[in-house]
Every structure is written in C-alpha cells, then in structure tokens.
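Residue strings, one per chain:
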Amino acid sequence: MIESAVTWLLDVLAAPSIGLTSIFIISFISATLLPLGSEPAVFAVVKANPAMFWPAVFVGTLGNTLGGAVDYFIGYRAKVAFAKERQSRWFGWLKKYGAKTMLLSWVPGVGDPLCTLAGWLHLPFWPSVMYMAIGKFLRYVTMTAVLLYIPNGFWKTVGDFFERLIG
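Note that the structure is predicted; figures quoted are calculated from it, not measured.

Calculation criteria
- Residues numbered from 1 in each chain as written.
- Predicted model: local features only at pLDDT ≥ 70, side-chain atom pairs only at ≥ 80, totals over all residues.
- Heavy atoms only, no water.
- Helix = DSSP H or I, 4+ residues; strand = E, 2+ residues; numbered from the N terminus.
- Buried < 20%, exposed > 50% of the residue type's maximum accessible area, 1.4 Å probe, protein only.
- Contact = heavy atoms within 4.5 Å.
- Areas by Shrake-Rupley, 256 points an atom, 1.4 Å probe, with all protein chains shown as cover.
- Core = buried A, V, L, I, M, F, W, Y, C linked by side-chain atoms within 4.5 Å.
- Salt bridge = Lys/Arg side-chain N within 4 Å of Asp/Glu carboxyl O.
- UniProt positions renumbered as here; feature names shortened; annotations may be inferred.

Asker: Is there a simple way to think about the overall build of the protein in this case?
Answerer: A tally of regular secondary structure across the protein gives 8 helices and 0 strands. Each helix (α) and strand (β) of the protein, taken in turn from the N terminus, gives the series α-α-α-α-α-α-α-α. A burial count over the protein gives 37% of its 167 residues as buried. Within the protein, contacts between residues separated by at least 24 positions form 74% of all contacts whose residues are at least 6 apart in sequence. When the accessible surface of the protein is totalled, it reaches about 10,300 Å², and 72% of it is carbon and sulfur.

Asker: For this particular structure, what's the right way to read helix α3 (residues 39–48)?
Answerer: The α-helix advances 3.6 residues per turn, and as a result positions three or four apart in sequence lie on the same side. Residues of α3 that are buried: Glu 39, Ala 41, Val 42, Phe 43, Val 45 and Val 46. On its buried face, α3 is in contact with α2 (19–32), α4 (53–76), α7 (125–148) and α8 (152–166).

Asker: Explain the nonpolar core to me, please; I cannot follow it from the model alone.
Answerer: The tendency in soluble globular proteins is for nonpolar side chains to be buried side by side. Grouped together as the largest cluster of nonpolar side chains are 16 residues, with contacts concentrated most on Phe 91, Leu 94, Met 102, Ala 118, Leu 121 and Met 132. Elements with a minimum of two residues in this core: α4, α5 (89–97), α6 (111–120) and α7. Broken down by element, this core gets its largest block of residues, 5 residues, from α6. Residues Met 52, Phe 53, Val 59 and Tyr 140 belong to the second largest nonpolar core, which totals 13 residues.

Asker: What's the story with the environment of Ala 118 in this structure? I'm lost.
Answerer: Mapped onto the fold, Ala 118 is located in helix α6. The class for Ala 118 is buried, based on a relative accessible area of 0%. Along the backbone, Ala 118 and Tyr 72 are 46 residues apart, and their C-alpha atoms lie at a distance of 6.1 Å. Here Ala 118 is in contact with Tyr 72, Leu 94, Met 102 and Leu 123, once residues within four sequence places are set aside.

Asker: Before we go on, may I ask you to explain the pattern of salt bridges in this structure?
Answerer: It is possible for side chains bearing opposite charge to pair when their charged atoms get close. For the coordinates displayed, the defined rule picks out 2 salt bridges. Arg 139 serves as the salt-bridge partner of Glu 39, at 2.9 Å between the closest nitrogen and oxygen. In this pair, Glu 39 is assigned in helix α3 and Arg 139 in helix α7, connecting sequence segments 100 residues apart. Residue class for Glu 39 comes out buried when judged on its relative accessible area of 16%. Note that Asp 160 is salt-bridged to Lys 156, the shortest N-O span being 3.2 Å. Note that Asp 160 and Lys 156 are positioned in helix α8 at a spacing of 4 residues, about one turn of the helix. On the accessibility criterion, Lys 156 (54% relative accessible area) is exposed.

Asker: I would appreciate a short explanation of the UniProt feature "transmembrane region" (unreviewed entry) in the protein in the present structure.
Answerer: The sites that carry the UniProt feature "transmembrane region" (unreviewed entry) are, in the present numbering, residues 12–33, 53–76, 97–123 and 129–150. Counted over residues 53–76, helix gives 100% and strand 0%. Its end C-alpha atoms are 34 Å apart. Spanning residues 129–150, this segment combines 91% helix with 0% strand, and its end C-alpha atoms are found 32 Å apart.

Here it is as structure tokens:
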C-alpha cells in the first residue's frame with residue numbers, strides 16, 4: 001500500500017504540466033519531512049524550459065523557506081526533545097551569531113536541524129526566515145546555473161549508465 005502511494009506521488013510530481021507545483025511541493029517536503037534533494041526538480045524544469053529559470057528558482061526558494069519555517073516552529077515547541085542537546089556547541093554558536101546562522105540553512109544535513117534549533121532558541125522569527133530565504137535562494141541559483149553549464153552529452157551518458165545498471 002505504501003509502495004503504491006509513493007509510486008502515485010512520484011508520478012504526480014513528475015507530470016510536466018505541474019512543474020512549478022512539483023518544485024514547490026518537493027522543496028517544501030525536502031526541508032521538513034523527508035530527506036529529499038529539491039535541486040534535481042528545479043534543474044529538470046529549467047532544463048526542459050530555460051525560460052523558467054527564475055520562476056523555478058523563486059518557487060523552490062519559497063517552498064524550501066516555508067519548510068524551514070515549519071522546522072523553526074517545530075523547534076519552537078520542542079524544548080523537551082532537545083533538552084540534552086542544549087550543552088552542544090551548536091547552541092552556543094547559534095546564540096552567538098543569532099538569525100544570521102540561517103544563511104547556512106541550505107547546507108545538506110545541517111540546514112534543517114539549524115532551522116529547528118533556531119526555533120528552539122526562540123531566535124527572532126522574521127530575521128531568521130529572511131536569512132533562510134537568502135541562503136536557499138543563493139543555493140538554487142548556484143546549483144541550477146552550474147548544472148545548466150554541464151553539456152547535454154554528459155546527462156545522456158549518465159542516463160545511459162543508469163539505464164544499463166537498472167535494466
């Protein structure tokens with residue numbers, strides 16, 4: 001049952017008619033619930049339609065920033081869950097640098113917990129969200145631009161490799 005639900009969700013998200021919606025959903029979920037990478041979704045839409053570069057980057061940034069805000073609120077309400085972590089160096093670092101640490105919210109594996117810890121520490125919400133958005137925006141612009149400059153032949157080679165590997 002779960003497998004069919006996941007397959008259905010992936011089919012819906014892959015639908016080309018809802019590219020920006022897919023980017024938003026994937027970007028939001030990747031910042032909150034599941035360890036997904038949202039950059040491939042942004043890149044796929046931009047690669048299929050280069051005129052969508054800025055809309056895709058902005059929608060990805062919005063979805064990922066809202067997901068980070070959800071992480072912030074989870075942390076805001078989760079003091080008990082993080083009680084023993086209070087002694088870690090992350091807390092001192094977050095207290096020292098404050099909301100500016102949210103510029104690192106884009107870092108894989110570190111960014112989402114940073115957003116949660118920012119909420120736990122009750123860092124100012126709007127400055128935290130602003131810095132989250134800046135960091136995430138810069139990530140999407142950089143990653144998508146870099147991926148676009150890789151020649152098409154490379155992506156065909158990668159696709160052929162995985163096709164041989166799987167099939």
